[in-house]
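Chains, contacts and geometry: an overview
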Amino acid sequence: MRKFTIFIAAALFSGLLATAPAFAAEVIQGKCLENNVEARTITIEEYDINFDKDYKFGHPTGINTTVDVSTAKVGIDPVPGDILRIAYEAGSGKKVALKVMNITKQNLMKK
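The following refers to the structure shown. Think of each chain on its own: its residues are numbered from 1, step by step along the sequence as written. Only residues with pLDDT of at least 70 are given local features in this predicted model, and only at 80 or more are side-chain atom pairs given and counted; all residues enter the totals for whole chains, interfaces and linings. To obtain the side-chain values, all non-hydrogen atoms of the structure were used and water was disregarded.

For two strands to be treated as a pair, DSSP must find no fewer than two bridges joining them. Per the convention used, a helix needs a DSSP run of H or I reaching at least four residues, while a strand needs a run of E reaching at least two, with both numbered from the N terminus. In terms of strand pairing, strand E1 (residues 26-36) meets strand E5 (residues 83-91) through six bridges, oriented antiparallel. Directly across from Glu-26, in E5, lies its bridge partner Tyr-88. As paired strands, E1 and strand E2 (residues 41-47) are joined by six bridges and run antiparallel to one another. For Cys-32, the partnering residue across the bridge sits in E2 and is Ile-44. Between E1 and E2, which pair antiparallel one after the other, the connecting turn spans four residues, and Arg-40 there sits at a positive phi close to 55 degrees.

Let's shift gears to the pairing of strand E6 (residues 94-102). In this structure, strand E4 (residues 73-74) lies alongside E6, joined through two bridges in parallel fashion. The residue of E6 that forms the bridge with Val-74 is Val-100. Across eight bridges, the pairing between E5 and E6 is antiparallel. Paired with Ala-90 across the strands is Lys-95, a residue of E6.

As structure tokens, this is what we get:
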């Protein structure tokens, strides 16, 4: 009986590990270029992960990305120029945001 319980537990754990990548979200960070309230989209210029004194949130890459925020949890409303961190799922040719954090107005690095 004990071997059977261990086998079932191992099978469930294996199944959980196999589906874990399906729950992962992509993350981008960058400067808000446009917050289109009517279309419920946000366009940002992406930043890379090379941090230094002058670019504490990363260097601009020149890549502009538009994300659908119609179903996302949005913290403080972004305005152009704010630094945003967006967790999103990429599917069916567009990026759908899960969460939008306004780094400029919710900066945890200041604390």
